[in-house]
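# Topology and contacts: notes
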Amino acid sequence: MSFGSMCLKWYMNTNRAILAGGCPTLYGSVMDIDKIKAGADCRDRFVLSKGHCAEALYAVLAQFGLIDKSELDTFTMFGTRLAEHPTSKIPGVEAATGALGHGLSLGVGMAIGLRADSSPAHVYVLTGDGELAEGSVWEAMMSAAKYKLDNLTLIVDRNRLQISGGTEDVMP
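Below: a short report on this structure. Quantities reported herein were computed from a predicted structural model and do not represent experimental measurements. (Residues numbered from 1 in each chain as written. Predicted model: local features only at pLDDT ≥ 70, side-chain atom pairs only at ≥ 80, totals over all residues. Heavy atoms only, no water.)

### Here's the deal with unusual backbone geometry
Phi at S118 takes a positive value of approximately 55°, unusual for a residue other than glycine. In this fold, S118 is placed in the loop between α5 (103-116) and β2 (123-128). The phi dihedral of K148 falls on the positive side, at around 50°, and the residue is not glycine. Turning to its location among the elements, K148 is positioned in the loop between α6 (135-146) and β3 (152-157). (Helix = DSSP H or I, 4+ residues; strand = E, 2+ residues; numbered from the N terminus.)

### Focus on the nonpolar core
In terms of nonpolar packing, the biggest core is built from 24 residues, with Y27, F46, Y58, L61 and I67 touching the most fellow members. Secondary structure elements with two or more residues in this core: α2 (23-30), α3 (33-38), β1 (45-48), α4 (54-63) and β2. In terms of nonpolar packing, the next biggest core, distinct from the first, is built from 16 residues, L114, L132, A140 and L149 among them. (Core = buried A, V, L, I, M, F, W, Y, C linked by side-chain atoms within 4.5 Å. Buried < 20%, exposed > 50% of the residue type's maximum accessible area, 1.4 Å probe, protein only.)

### With respect to the pairing of β2
Taken across its six residues, β2 has six buried, putting it largely inside the fold. Where burial is concerned, the two faces of β2 agree: the one with V123, V125 and T127 and the one with Y124, L126 and G128 are both buried. Of the strand pairs in this sheet, β1 and β2 are connected by four bridges, and their pairing is parallel. If you follow V47 over to β2, its bridge partner there is V125. Pairing between β2 and β3: six bridges, direction parallel. Bridging from a neighbouring strand, T127 pairs with V156 of β3. (Pairing = 2+ DSSP bridges.)

### Brief notes about the sheet that holds β2
Strand order in the open sheet formed by three strands is β1-β2-β3, and the pairing between neighbours is parallel. With one partner strand each, in any of the chains shown, β1 and β3 form the two edges of the open sheet. The mean inter-strand angle of the sheet, taken between neighbouring strand axes irrespective of direction, is 20°. (Axes fitted to C-alpha atoms, helices over the stretch in contact; angles between N-to-C directions.)

### Structural notes on α4
Within α4, eight of the 10 residues are buried, which leaves it mostly tucked inside the rest of the structure. Taken together, the buried positions of α4 are A54, A56, L57, Y58, A59, V60, L61 and A62. Of the residues one or two after α4, G65 is the one with positive phi, at around 80°.

### Brief notes about the packing of aromatic side chains
Summed over the entire model, instances satisfying the criterion amount to three aromatic pairs. With 5.9 Å between their ring centres and 70° between their planes, Y27 and F46 make a pair best called edge-to-face. You can see Y27 sitting in helix α2 and its partner F46 sitting in strand β1, a full 19 residues away along the chain. Comparing Y27 with F46 shows no difference in burial state: the two are buried. With 6.0 Å between their ring centres and 65° between their planes, Y58 and F75 make a pair best called edge-to-face. Residue Y58 is located in helix α4, and its partner F75 is located in the loop between α4 and α5; the two are separated by 17 residues in the primary sequence. Each residue in the set Y27, F46 and F64 is aromatic and connected to the rest through ring pairs, giving one cluster. (Phe/Tyr/Trp six-rings, centres within 6.5 Å; stacked < 30°, edge-to-face > 60°.)

### Focus: the pattern of salt bridges
If you walk through the whole model with that rule in mind, you get three salt bridges. Measuring nitrogen to oxygen at the nearest pair gives 2.9 Å for the salt bridge that ties R43 to E94. Remark: E94 occurs in the loop between α4 and α5 and R43 occurs in the loop between α3 and β1; sequence separation between them is 51 residues. Look at the salt bridges and you will find they share partners, linking R43, R45 and E94 into a network. (Salt bridge = Lys/Arg side-chain N within 4 Å of Asp/Glu carboxyl O.)

Next up, the structure:
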């Protein structure tokens, strides 16, 4: 079985996959895929702040036709677009992410810009609960509240993990 097939199988069959709950719903029901594919200015945006789970995002993008499913077989290979962390070279990926704590700040900036342009677009940011310990996340939350960004949604993956241990042990 190819890596792409394994990735899709893992994604489709695992209820606790990082993005299984939110992304298919966002891409399949909430966000307009046609606008995303066309790169329309009024498209909704998704920012994967926890860029280290890019392979799950790639599976979602392949499921909805933003990338070809066969491209999943190139994950992390030399010269591939599908690196360990997503980049904006991939359709449906708005920004390169990976340094934890920066995705929400990006999302806040996008939401402010969209509102300034009177765009109906919405920004969705997925973070892990471990990155909520980052000061930049709290600064972004305060900015979102200050500017009343009703075009921004933060989704937190409450998996109780961060790189150095469980979230309850590292930052009780």
